[in-house]
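# Tertiary structure, described
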Amino acid sequence: MSATVARPAAVRTGSGRTRRKAGAGLGLVAWLAGIVFFLPIAWMALTSFHSEQDAATNPPSFAASLTLDGYREFFGAGGGASPWPALANSAVASIASTLLVLVLALPAAYALSIRPVKKWTDVLFFFLSTKMLPVVAGLLPIYLFAKNTNLLDNIWLLVVLYTSMNLPIAVWMMQSFLAEVPVAIIEAARVDGARLPTILARVVAPIALPGIAATSLICFIFSWNELLFARVLTGVVAETAPVFLTGFITSQGLFLAKVCAASLVISLPVLAAGFAAQDKLVQGLSLGAVK
């Protein structure tokens, strides 16, 4: 009897030890992957504090003296163009398009999840199919439309374009988030006389807040980083930050320190938004993963 009792205990101990080793191995792999992804950012940040001569050395000199010349030149201290209009244009285009996406995506996702229509999966597939079209394929018609309507170099044209580009992925994401909202709560609000706008604003939105935050962050990142449409459709007035960044690559050469300083400054809003909303992002992207 003692042998039969001890044997399962040994098996349980061995399986527990195996699980701990597997967890430690996965943790080590996750740390290594994180370091690999972080190294280019750390290298870019370090290079931005070097002089152009030290930044151009190969291999790079990590012990070189630090300077703020790259940042001074980026902010126009050397007589160059100021980055503030481009940063303001990117902020307006990204924030305004993200707010419009949320206003349009929330009722659509509500209709596809809590109040499902017939063949709602086909509707979602149609939304996603619009993302399968190469962006370049629609560039010429949009350019001709903007030219004929005098909307070239207009920041509100970018707002409309970014809204239409991010709306399909927002509806697809929020549909899965809103599907987790208990129907009983919505029915109770409806019995109390609440109308649809009130239900969406005071019942659905607070419950699905992590999913909404995750969707907002992804739409903001996509809008902030977009380059092709902004490069073709804008000039001086509506120039965005990514377009302004490409102006540092000239025929005179590539100034690494200044480019790294500009890249770091332009990346800060996205990094700050991701850091501030990281808990909501994890909660939102994991909604529905565990039943």
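So, a few notes on the structure that sits alongside this text. (Residues numbered from 1 in each chain as written. Predicted model: local features only at pLDDT ≥ 70, side-chain atom pairs only at ≥ 80, totals over all residues. Heavy atoms only, no water.)

### Some thoughts on the overall build of the protein
Basically, it comes down to this: Numbering of helices and strands starts at the N terminus; helices are DSSP runs of H or I of at least 4 residues and strands are runs of E of at least 2. Relative accessibility under 20% of the residue-type maximum defines a buried residue, over 50% an exposed one, and the middle range a partly exposed one, all with a 1.4 Å probe and only protein chains included. Note on contacts: a residue pair qualifies if any of its non-hydrogen atoms lie within 4.5 Å across the two residues. The protein chains shown are the only cover counted for residues, whose accessible areas, like all others here, come from Shrake-Rupley with a 1.4 Å probe.
Along the backbone of the protein there are 14 helices and two strands. Buried residues in the protein amount to 33% of all 291 residues. Here the analysis covers contacts within the protein between residues at least 6 apart in sequence; of these, 75% occur between residues at least 24 apart. With the model as given, the accessible surface of the protein reaches about 17400 Å², and the carbon-plus-sulfur share is 71%.

### Some remarks on the packing of helix α4 (residues 84-113) against helix α9 (residues 196-207)
Axes are the key here: two packed helices are described by the angle between their axes and the distance separating the axes. Stated precisely, the cut-off is as follows: Each axis is a line fitted through C-alpha atoms, and for a helix only the stretch in contact is used; angles between axes span 0 to 180 degrees, taken between their N-to-C directions. Orientation categories follow fixed angle ranges, with anything under 35 degrees roughly parallel, anything over 145 roughly antiparallel, 65 to 115 roughly perpendicular, and all other angles oblique. Classes in brief: Ala, Val, Leu, Ile, Met, Phe, Trp, Tyr, Cys and Pro nonpolar; Asp, Glu, Lys and Arg charged; the others, Gly included, polar.
At a minimum axis separation of 12 Å, α4 and α9 run at an interaxial angle of 95°. When the axis of α4 is compared with that of α9, the two are roughly perpendicular. Contacts between α4 and α9 involve L106, P107 and Y110 on the former and, on the latter, L196, L200 and V204. Class assignment of the residues belonging to the contact of α4 with α9 gives a composition of six nonpolar, no polar and no charged.

### Examining α4
As a reminder of what qualifies: One less than the number of residues in a helix, times 1.5 Å, gives the span that helix is expected to have. Think of it this way: the bend at a residue is just the angle between two axes, each fitted to seven residues, one set ending at that residue and the other starting at it.
In this model, α4 (30 residues) spans 42 Å end to end at C-alpha, consistent with the 44 Å of a helix rising 1.5 Å per residue. Of all the bends in α4, the greatest reaches close to 30° and is centred on A105; the proline P107 follows between one and four positions later.

### Considering a nonpolar patch on the surface
Spelled out, the test is: Note on patches: the residues involved have over 30% relative accessible area and no salt bridge, like charges join within 9 Å, and the nonpolar side chains Val, Leu, Ile, Met, Phe, Trp and Tyr join within 5 Å. Salt bridges are defined by distance alone: a side-chain nitrogen of Lys or Arg within 4 Å of a carboxyl oxygen of Asp or Glu.
A cluster of nonpolar side chains, L28, W31, L32, I35 and L39, forms an exposed patch at the surface whose accessible area comes to about 570 Å². Within the element layout of this structure, L39 appears in helix α1 (residues 2-48).

### Focus on helix α10 (residues 209-225)
Think of an α-helix as 3.6 residues a turn; residues three or four steps apart then line up on the same face. The end-to-end C-alpha distance of α10, which contains 17 residues, comes to 24 Å, matching closely the 24 Å that a straight helix rising 1.5 Å per residue would cover. Most of α10 is tucked away, with 12 of its 17 residues classed as buried. Taken together, the buried positions of α10 are occupied by P210, G211, I212, A214, T215, S216, L217, I218, C219, F220, S223 and W224.

### Looking at the packing of aromatic side chains
Defined as follows: Aromatic contacts are taken between Phe, Tyr and Trp rings whose centres are within 6.5 Å, Trp giving its six-membered ring; a plane angle under 30 degrees counts as stacked, one over 60 as edge-to-face, and the others as tilted.
Here the structure, examined in full by the defined rule, presents five aromatic pairs. Ring centres of F49 and Y71 lie 5.1 Å apart, and the angle between their planes is 40°; this geometry places the pair in the tilted category. Of this pair, F49 sits in the loop between α1 and α2 (52-55) while Y71 sits in helix α3 (residues 69-74), and the two are 22 residues apart along the sequence. Here Y71 falls in the buried class, since its relative accessible area comes to 13%. Here the aromatic rings of F74 and F75 are separated by 4.9 Å at their centres, their planes lie at 75°, and the arrangement is edge-to-face. Using a relative accessible area of 33% as the deciding quantity, one classes F75 as partly exposed.

### Let's talk about the nonpolar core
The cut-off we apply is this: Residue types Ala, Val, Leu, Ile, Met, Phe, Trp, Tyr and Cys, when buried and joined through side-chain atoms within 4.5 Å, form a set referred to as a nonpolar core.
One finds Y110, M174, L178, I186, V204 and I212 to be the most contacted residues of the largest nonpolar core, which totals 28 residues. Broken down by secondary-structure element, the contributors of at least two residues to this core are α4, α7 (155-178), α8 (183-191), α9 and α10. By size, the runner-up hydrophobic cluster in this structure holds 16 residues, among which are W224, A261, A262 and I266.

### Overview of the side chain of T98
Mapped onto the elements, T98 comes out in helix α4. Looking at T98, the relative accessible area reads 8%, which means it is buried. Filtering out sequence-adjacent residues up to four positions away, T98 remains in contact with S216, C219 and F220.

### Quick notes on the environment of E52
Just so we agree on the cut-off: Two N or O atoms count as a polar contact when they lie within 3.5 Å, although within protein this holds only if one can serve as hydrogen donor and the other as acceptor, and sequence-adjacent residues are included solely when both atoms are side-chain atoms.
Among the structural elements, E52 can be located in helix α2. Using a relative accessible area of 27% as the deciding quantity, one classes E52 as partly exposed. Between the C-alpha atoms of E52 and A257, which are 205 residues apart in sequence, the distance is 5.5 Å. Within the local environment of E52, its side chain forms a polar contact with the backbone nitrogen of A257, the two atoms lying 3.3 Å apart.

### Observations regarding unusual backbone geometry
Here the phi dihedral of N150 falls at roughly 60°; this positive angle occurs in a residue that is not glycine. Inspection of the secondary structure puts N150 in the loop between α6 (139-148) and α7. With phi around 60°, D153 is a residue other than glycine that occupies positive phi space. Relative to the assigned elements, D153 resides in the loop between α6 and α7. Exposure remark for D153: the relative accessible area of 22% places this residue in the partly exposed category.

This is a description of form; function is not addressed.
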